[in-house]
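These are the residues of each chain, in order.
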Amino acid sequence: MDELAFSLSKNKQLFSNPRQAHIYLTLLRSGAMGAERLSKETKLHRETIQRELKKMEGKGVVKITRAGRNRRAEAIPIAALQEALERSKENFDSILKPLLEVEAAKNEPQVQIVSNDHSFALLQIKLLKLQPERETIYVLSTQPKAWREAMTGSRKLNAFEKLRIEKEIGFQLSCFSDYRGEVEYNNREYFAGQPATLKRKYRYVETEESSPLQIQIWQNAVLISMFKISPSMHILIENKDVRKAMRAYFDVLWSVGK
């Protein structure tokens, strides 16, 4: 059995195994013949020949002619095989390819943009309702004052904190060091009476400059907020790979924070 037979057998649409490719090449080179002669030419057992020919006929790569009790196998011309492969490509383009595109679309990020503090506060409540119980929320470049003002200005802070405590959802916040005063003010004026286990946990990153973006990492989404523009702008990205990447980034900053 030559290397060409092994190579052709890689195309499972035409040949299920090297034996079938070997039989086809023998018929192509030598012309139509019966199972006994094929057995001699290919060195394959006659029963194997008969079994493989039946499968090959089903695939449309050989043609079996019968004259009484005699049966002869004939290789389908290469041009006919080429047409079959082209039809297969057409089926792929018209049927399978669109299905694969639909499948791929499930993994594309779903992006939602909301503008102004009120819409942001409503989105915070929605995300908190979707967050599983006791599942921590992680925040990068935390902006305590801007977040608190957006929530209090929309009269949603108390509702948010009440629901968070009920669901026992924690907060881990990575802040730039120059926001330390805002953190302490919020803790003293707004969150002082909360259970110790559910108080916000902070770590500070020492830098000369801070970022204008706050990034929240929820269970299935990442929310990027820009509070310093008017109206504020917020981009929600629902994608597990984006969420995984941002969580890994958070873990790095958390590990170096103090």
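Right above here is the structure, for reference.
Here's a quick rundown of the structure. Each chain has its residues counted from 1, running along the sequence as written. Selection of residues for local features in this predicted model requires a pLDDT of at least 70, selection of side-chain atom pairs for listing and counting requires 80 or more, and totals for whole chains, interfaces and linings are taken over all residues. Note that the side-chain values use all heavy atoms of the structure and ignore hydrogens as well as water.

What to know about the overall build of the protein
- Along the backbone of the protein there are ten helices and nine strands.
- To be clear on the numbers: accessible area is Shrake-Rupley with a 1.4 Å probe, and residue cover counts the displayed protein chains and nothing else. In the form shown here, the protein has an accessible surface area of approximately 15,400 Å², with 52% of it arising from carbon and sulfur atoms. Only DSSP runs of H or I reaching four residues or more are called helices, and only runs of E reaching two or more are called strands; each is numbered from the N terminus.

Structural notes on the layout of surface pockets
- The rule is simple: put a 1 Å grid over the protein atoms alone, call a set of points where a 1.4 Å probe fits but cannot get out a cavity, call an open set with protein on both sides within 12 Å along at least five of seven lines a pocket, and count a residue as lining if it has an atom within 4 Å of a point. Grid points are joined across faces, edges and corners, and a volume is the space filled by probe spheres set on the points. If you add up the space inside the largest pocket, you get close to 220 Å³.
- Lining the largest pocket are 13 residues, and of these Gly34, Ala35, Arg46, Gln50 and Arg71 sit closest to its centre.
- For the lining of the largest pocket, the secondary structure elements donating two or more residues are helix 3 (35-42), helix 4 (46-59) and strand 2 (70-75).
- For the lining of the largest pocket, the element with the most residues is strand 2, which contributes four residues.
- Looking at the second largest pocket, its volume works out to about 160 Å³.
- When residues of the lining of the second largest pocket are traced back to their parent elements, those giving at least two are helix 6 (117-130) and strand 9 (233-238).
- In terms of residue count, helix 6 provides more of the lining of the second largest pocket than any other element does, four residues in total.

A short note on empty space enclosed by the protein
- This model, assessed by the stated rule, comprises two cavities of 30 Å³ or more.
- For the largest cavity, the calculated volume is near 100 Å³.
- Around the largest cavity, the lining residues are Val139, Thr142, Pro144, Trp147, Phe171, Leu173, Asn186, Phe191, Arg200, Tyr202, Gln214 and Gln216.
- Secondary structure elements with two or more residues in the lining of the largest cavity: helix 7 (144-153), strand 5 (171-176) and strand 7 (214-217).
- Class assignment for the residues of the lining of the largest cavity results in seven nonpolar, four polar and one charged. Gly counts as polar in this scheme, as do all residues outside two lists: the nonpolar Ala, Val, Leu, Ile, Met, Phe, Trp, Tyr, Cys and Pro, and the charged Asp, Glu, Lys and Arg.

Some remarks on the nonpolar core
- Think of a nonpolar core as a cluster: buried Ala, Val, Leu, Ile, Met, Phe, Trp, Tyr and Cys residues, connected wherever their side-chain atoms sit within 4.5 Å. Exposure is judged per residue with a 1.4 Å probe applied to protein chains only, and the accessible area is read against the type maximum: over 50% gives exposed, under 20% gives buried, and values in between give partly exposed. By size, the foremost hydrophobic cluster in this structure holds 28 residues, and its most contacted members are Trp147 and Phe160.
- Elements with a minimum of two residues in this core: helix 6, strand 4 (137-140), helix 7, helix 8 (157-166), strand 5 and strand 6 (201-205).
- Per-element accounting of this core gives the leading share, six residues, to helix 6.
- Note on contacts: a residue pair qualifies if any of its non-hydrogen atoms lie within 4.5 Å across the two residues. Ignoring any residue separated from it by four or fewer positions in sequence, one finds phenylalanine 160 in contact with Gln124, Ile125, Leu128, Trp147, Met151, Phe171, Arg200 and Trp218.
- Of all hydrophobic cores here, the second largest spans 20 residues; its members include Leu14, Leu44, Met56 and Ile76.

Observations concerning the pairing of strand 1 (residues 62-67)
- Pairing of strand 1 with strand 2 involves six bridges; the strand directions are antiparallel. Following the sheet pairing, valine 62 is matched in strand 2 by alanine 75.
- Two strands are said to pair when DSSP picks up at least two bridges between them. Remark: two residues form the turn of the hairpin made by strand 1 and strand 2, two consecutive strands paired antiparallel; glycine 68 in that turn has positive phi of roughly 70°.

A word on helix 4
- Here helix 4 is 14 residues long and its end C-alpha atoms lie 20 Å apart, about the 20 Å a rise of 1.5 Å per residue gives.
- Within the span of helix 4, buried status applies to Thr48, Ile49, Glu52, Leu53 and Met56. Here the buried residues of helix 4 occupy an arc of 125° about the axis, which is enough to place them on one side. Of the exposed residues in helix 4, those oriented more than 90 degrees away from the buried face are Glu47, Lys54 and Gly58.
- The elements touched by buried residues of helix 4 are helix 2 (18-30), helix 3, strand 1 and strand 2.
- Remark: glycine 60 follows helix 4 within two positions and exhibits a positive phi of approximately 85°. The length a helix should cover is 1.5 Å for every residue beyond the first. Comment: arc refers to directions from the helix axis out to C-beta atoms.

Things to note about the side chain of arginine 200
- Tracing the sequence through the fold places arginine 200 in the loop between helix 9 (180-189) and strand 6.
- In terms of polar contacts, arginine 200 uses its side chain to reach the side chain of glutamate 161, at 2.5 Å.
- Those residues in contact with arginine 200 that lie beyond four places of it in its chain are Trp147, Phe160, Glu161, Arg164, Phe171, Leu173, Phe191 and Gln194. For the purposes of these results, a polar contact is taken to be a pair of N or O atoms within 3.5 Å, where, inside protein, one atom must be able to donate a hydrogen and its partner to accept one; residues adjacent in sequence count only when each atom of the pair is a side-chain atom.

Brief notes about the sheet that holds strand 8 (residues 222-226)
- Pairing is mixed in the open sheet, where seven strands are placed in the order 3-9-8-7-4-5-6. At either margin of the open sheet sits one strand with a lone partner, and together these are strand 3 (110-115) and strand 6. When strand polarity is set aside, the average angle formed by the axes of neighbouring strands in this sheet is 15°.
- Where strand 4 lies against strand 7, three bridges are found, and the strand directions are antiparallel. Bridge assignment links valine 139 to a residue of strand 7, and that residue is glutamine 216.
- Strands in contact with helix 9 are strand 5 and strand 6; relative to strand 6, the strand with the most contacts, it is inclined by about 165°.
- Across the sheet, helix 10 (residues 240-256) lies against strand 4, strand 5, strand 6, strand 7, strand 8 and strand 9, angled at about 70° from strand 4, the strand it touches most. Angles run from 0 to 180 degrees between N-to-C directions of axes, and those axes are lines fitted to C-alpha atoms, restricted for helices to the stretch in contact.

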